[in-house]
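The primary structure of each chain is shown beneath.
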Amino acid sequence: MVPRSLATRLFVDTPLASGMEIALGESHSHQLRNVLRLAEGDLIALFNGRDGEWSARLAALAKRSVTIIIGERLRPQPTEPDVWLLFAPIKGPRIDWLVEKAAELGATEIRPVLTRRTVVSRVNRERLQAHAVEAAEQCERLTAPAVRNLESLETVVGAWPKERHLYVAAERRGAVPMAEAIRADGAPAAILIGPEGGFDPAELDHLAQTGFASLVDLGPRILRADTAAVAAMALWQALAQPPLAGRSGHAHIA
Ligand code: SAM
């Protein structure tokens, strides 16, 4: 049986190997002691995006710090489908929701972009990064997506890595249905969602001519930007790649 506390998964930015002792800070201590009510001796799971998932025993749990000792590896690090989500930032809690869902749906990078009609001109990158990490911890991913700083669409397109195909969600353009456009070739990809006011037609014309982007349609209804992001991410994950290996790879610790 997997102990209840092993359902607690923490992302840490440190190498992981059996027998290592790691000191975590106050926020982790608060989460483990006060929120999850774990105690010394309990087991949790750790991942860092590189070394797989490891069991770890809480060795000392103080108010401002936690010492944990790494046990055995529970899962090796899988190769994940590589898809970025780019989106024009939206207001209020919906941007938090969007980032959380993007992390659950396997985005490897989350990139807010400023388009001509974007109304929101500031993004709290650190807060969004924290949401992305929390979502990754809860959905059993072994990586956490990086949230990038807000950049203009022009800058992003100007520095685009050409081997990464960009699917641009474009309503009302008679674009090809996304399900037909997706290339199931295992290559890295990215999805771009426009602002609430939609893309400026000139932006779409330019993207269509780059050679690395396709304009794609998500069906007959006009979706909110956050809904469009989730629909496009789910479609890409379902059609572009084989299912993630390793979901049954948990080692069970009694
Ligand atoms: N103001 C626009 C309009 O009424 O035509 C709608 C913009 S929509 C709320 C926000 C973004 O979601 C769009 O820029 C697009 O990227 C994406 N989107 C929404 N519905 C879509 C659809 N049916 N097909 C493709 N993209 C869609």
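Along each chain, residues carry numbers from 1 onward, in the same order as the chain's sequence is written. pLDDT decides what is reported in this predicted model: residues at 70 or higher carry local features, side-chain atom pairs at 80 or more are listed and counted, and totals for whole chains, interfaces and linings draw on all residues regardless. Note that the side-chain values use all heavy atoms of the structure and ignore hydrogens as well as water.

Asks: What is the right way to look at the overall build of the protein chain in this model?
Replies: Helix numbers and strand numbers start at the N terminus; a helix is a DSSP run of H or I with at least 4 residues, a strand a run of E with at least 2. Scanning the protein chain from terminus to terminus reveals seven helices and 13 strands. What you see for the protein chain is a C-alpha radius of gyration of 20 Å, in line with the 18 Å of a compact globule of 254 residues. Within the protein chain, the fraction of its 254 residues that count as buried is 45%. Residue pairs at least 24 apart in sequence account for 76% of intrachain contacts in the protein chain once pairs closer than 6 positions are excluded. Taken as two groups, the 29 positive and 30 negative side-chain charges of the protein chain have centres that lie 3 Å from each other. We compute the radius of gyration from the C-alpha atoms alone; for a globule the expected value is 2.2 Å times N to the 0.38, where N is the number of residues. We call a residue buried when its accessible area falls under 20% of the maximum for its residue type, exposed when it is over 50%, and partly exposed in between, using a 1.4 Å probe and counting protein chains only. Note on contacts: a residue pair is in contact if any heavy atoms of the two residues lie within 4.5 Å. Think of it this way: Lys and Arg go in the positive column, Asp and Glu in the negative one, and His and the chain ends go nowhere. To locate a charge, the coordinates of NZ of Lys, CZ of Arg, CG of Asp or CD of Glu are taken.

Asks: Can you walk me through the pattern of salt bridges in this structure?
Replies: Once their charged atoms are close, side chains differing in charge can pair, the charge on each being opposite to the other. Each reported salt bridge corresponds to a side-chain nitrogen of Lys or Arg within 4 Å of a carboxyl oxygen of Asp or Glu. Evaluation of the coordinates by the stated rule reveals 16 salt bridges. For Arg9, the salt bridge goes to Glu53, with nearest N and O atoms at 2.6 Å. Of this pair, Arg9 sits in strand E1 (residues 9–11) while Glu53 is found in strand E4 (residues 53–61), placing the two residues 44 residues apart along the sequence. Take Glu53: its relative accessible area is 2%, and that puts it in the buried class. Between Arg94 and Glu196 there is a salt bridge, with its nearest N and O atoms 2.9 Å apart. In this pair, Arg94 sits in helix H2 (residues 93–104) while Glu196 sits in the loop between strand E12 (189–193) and helix H6 (201–208), placing the two residues 102 residues apart along the sequence. Note on Arg94: relative accessible area 22%, which makes it partly exposed.

Asks: How do you make sense of the environment of Ile90 when you look at a structure like this?
Replies: Structurally, the position occupied by Ile90 is in the loop between strand E6 (83–87) and H2. Counting along the chain gives 29 residues from Ile90 to Val119, while the straight-line C-alpha distance between them is 7.7 Å. Discounting residues that sit within four places of it in the chain, Ile90 has contacts with Ile95, Leu98, Val120, Glu196, Ala225 and Asp226.

Asks: Explanation requested: the site of the ligand in the structure shown.
Replies: Here a residue counts as near a molecule or strand whenever at least one of its heavy atoms sits within 4 Å of it. Around the ligand, the structure places 20 residues, and the nearest of them are Ala169, Arg172, Glu196, Leu218 and Arg221. What qualifies as a polar contact is a pair of N or O atoms within 3.5 Å, subject to a donor-acceptor requirement within protein and to the restriction that residues adjacent in sequence count only when both atoms come from side chains. Glu196 places a polar main-chain atom, nitrogen or oxygen, 2.9 Å from a nitrogen atom of the ligand. Here a nitrogen atom of the ligand sits 2.9 Å away from a polar atom, N or O, in the main chain of Leu218. Notes on the ligand: free accessible area 580 Å², of which the protein chains cover 89%. At the level of secondary structure, the elements contributing two or more residues to the shell around the ligand comprise strand E13 (213–217) and helix H7 (225–240). Any residue that is not Ala, Val, Leu, Ile, Met, Phe, Trp, Tyr, Cys, Pro, Asp, Glu, Lys or Arg is counted as polar, Gly included; the first ten are nonpolar and the last four charged. For the shell around the ligand, a count of residues per class yields 11 nonpolar, four polar and five charged. Method for areas: the Shrake-Rupley scheme with a 1.4 Å probe, in which residue coverage is limited to the protein chains shown.

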